[in-house]
There are 2 protein chains.
Amino acid sequence: MEQGLKEAMEATNPNPSSSAAAELLNGVNAKALLDSVDAFLFDCDGVIWKGDKLIDGIPETLEMLRSKGKKLVFVTNNSTKSRIQYANKFRTLGLSVSQDEIFSSSFAAAMYLKVNQFPPQKKVYVIGGEGIVQELQHAGFTAFGGPEDGEKRAQWKSNCLFEHDKDVGAVVVGLDPDINYYKLQYGTLCIRENPGCLFIATNRDSVGHMTDLQEWPGAGCMVGAICGSTEREPIVVGKPSTFMMDFLLQKFNLSTCRMCMVGDRLDTDILFGQNAGCKTLLVLSGVTTKSILDDPSNQPDYYTNKVSDLLSLI
Amino acid sequence: MEQGLKEAMEATNPNPSSSAAAELLNGVNAKALLDSVDAFLFDCDGVIWKGDKLIDGIPETLEMLRSKGKKLVFVTNNSTKSRIQYANKFRTLGLSVSQDEIFSSSFAAAMYLKVNQFPPQKKVYVIGGEGIVQELQHAGFTAFGGPEDGEKRAQWKSNCLFEHDKDVGAVVVGLDPDINYYKLQYGTLCIRENPGCLFIATNRDSVGHMTDLQEWPGAGCMVGAICGSTEREPIVVGKPSTFMMDFLLQKFNLSTCRMCMVGDRLDTDILFGQNAGCKTLLVLSGVTTKSILDDPSNQPDYYTNKVSDLLSLI
């Protein structure tokens, strides 16, 4: 079934890259955009919130979109939380968003293994946060590593043999605040020595808004480390890979040309929307400044300061 | 002066890559090799020792080469030790090697900054071992980070600002057994936010013999992490970069065609020798097996099981 959907999706998008200059959102094109799409896909960090702070006007804007019958979906590359943990974060910020509306890269990693019929007797080693471990376990897989290996140390001694589980058939790598040599060594040995072991990256974002004030190294840092030690390239399941789009399409029974991807990053969000054949709206409330946007490569269809401009313009 | 030497070196080597199949060392070509070179450049791990164990026949072979008037140089990508610490390791293993005969990638990082007139008021942040910090300080630079940041933790809190020193003008990355998020964040901020900050890699070996029994992630792992978070490529000073060759040439006043590089790695040692225009001898006592050598790309001039075959063949 996923294969059919994938083909249908690709058929809607013969030429995903866009070179026309982005249009600043105004009263006219904002209304036309709303009329032309049935679903809005939102990135979270830099779009809905920054760190733990909601961006101005979000609750009212989401309410307006729901009142007009638009489907809302939240697609985030941040893998540190599971969908259950994300639904809690939305609730804490005063937003009513259900688990089914959330597509995180931690969930995508679990779904990638499910779709590809990962053998149930095999195990998954995690370099990353609790969200990845939870999603893998929720999908029925045996996952270990992650936060529980945060304090472990490799013994640098002569004649020391670092033992690893030969049943590990996949290593999933995401943002890991507790990265250490032990985890890097464990994941490296599995990928280099267990025949057929998969190397899956939740995403490759170089940096992200770990706090309100600063960008800190993202999953691209840990993924780069494992690329360096294994001389392998990962399977990426988060944006800009369109892997998650299969699930969205299946769930909401929509055409990608009737969707709009809203994000703050050209290299993940906007590229993800374009790769899938969606309309794209860049908001300047996150990592991308207007001067970056002036570079003519990879232009979104529209841009505006923040999501709530949709509310004030309509 | 370095520039002149570099040009001279390049002139001796119009076509560095070799495609002819490697010759197995025998009594005839071993003697011809000895007669045709004035200096032997040795890699250490997998050539002289494995972990903390000397490879069979090394003392006698080095003794024989010295007795025939050959210069001996030890060129290692392992940056965890300084040259002083390496000289101690040689002594502990019963080998008499002076500090001046040792060219480690930690020393190369310090020399790179010196040759490129790194401003003395600027500082260097180190992701790596004590060897790098010592070599930088020995060369007169202000270096920090490294082992002393091994237990530090970044605070993942809302409104947290991670402060970094704006005077850091270079980040040197090597093998780091105590890698953590704090160091990755510190190095990333310096490279991304301090104008003109250099990103120097001691080397990019994917794995190395950290113990006698197993290969563990090498500096390529930490370098890959910083590439992932900064979206920058490093200046590499270790093998296969020929940066260290300038110093060798200056010191020993030799022509590169009268040198033989002896190593266990095709992608660093043999390539380094070829890039510089040296003769090359691969030993199978380290990471490269005969079956890997059967791949016709990047062939050394000669191969043999171990360094001491030179002694038994002559």
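Residues numbered from 1 in each chain as written. Chains lettered and ligands numbered in written order. Predicted model: local features only at pLDDT ≥ 70, side-chain atom pairs only at ≥ 80, totals over all residues. Heavy atoms only, no water.

## Some words on helix H8 (residues 219–230) of chain A
Residue and element names in this part refer to chain A.
Line of reasoning, step 1. Over its 12 residues, H8 extends 17 Å from the first C-alpha to the last, a length consistent with the 16 Å expected when each residue adds 1.5 Å.
Line of reasoning, step 2. Counting buried residues along H8, 12 of its 12 residues qualify, which places the element largely inside the surrounding structure.
Line of reasoning, step 3. In the segment just after H8, Glu231 is the residue with positive phi, at about 55°. (Helix = DSSP H or I, 4+ residues; strand = E, 2+ residues; numbered from the N terminus. Expected span 1.5 Å × (residues − 1). Buried < 20%, exposed > 50% of the residue type's maximum accessible area, 1.4 Å probe, protein only.)

## Considerations on the interface of chain A and chain B
Size of an interface: often given as the accessible area lost when the parts come together.
Line of reasoning, step 1. Counting residues at the interface gives 43 residues for chain A, matched by 43 residues for chain B.
Line of reasoning, step 2. Taken as a group, Trp156, Tyr181 and Trp216 of chain A account for 18% of the area that chain A buries against chain B, more than any other trio of residues on that side.
Line of reasoning, step 3. If you look at where chain A meets chain B, you find 4 salt bridges.
Line of reasoning, step 4. A salt bridge links Asp178 of chain A to Arg153 of chain B; the nearest nitrogen and oxygen atoms lie 2.7 Å apart.
Line of reasoning, step 5. Viewed at the interface, chain B and chain A are joined by 8 residue pairs in polar contact (both at pLDDT 80 or more). (Contact = heavy atoms within 4.5 Å. Buried area = accessible area lost by both parts, 1.4 Å probe. Salt bridge = Lys/Arg side-chain N within 4 Å of Asp/Glu carboxyl O. Polar contact = N/O pair within 3.5 Å; in protein donor to acceptor, adjacent residues only side chain to side chain.)

## Let's talk about the pattern of salt bridges
Line of reasoning, step 1. Using the criterion set out here, one finds 34 salt bridges over all chains in the structure.
Line of reasoning, step 2. A salt bridge links Arg153 of chain B to Glu151 of chain A, with the shortest nitrogen-to-oxygen separation between them at 3.7 Å. Placement of Arg153 of chain B in the loop between strand S8 (142–145) and strand S9 (168–173) and of Glu151 of chain A in the loop between strand S8 (142–145) and strand S9 (168–173) is noted, with the two residues assigned to different chains.
Line of reasoning, step 3. What makes Glu151 of chain A exposed here is its relative accessible area of 65%.
Line of reasoning, step 4. What you see here is one network of salt bridges that share partners, running through Asp43, Lys239 and Asp269 of chain A.

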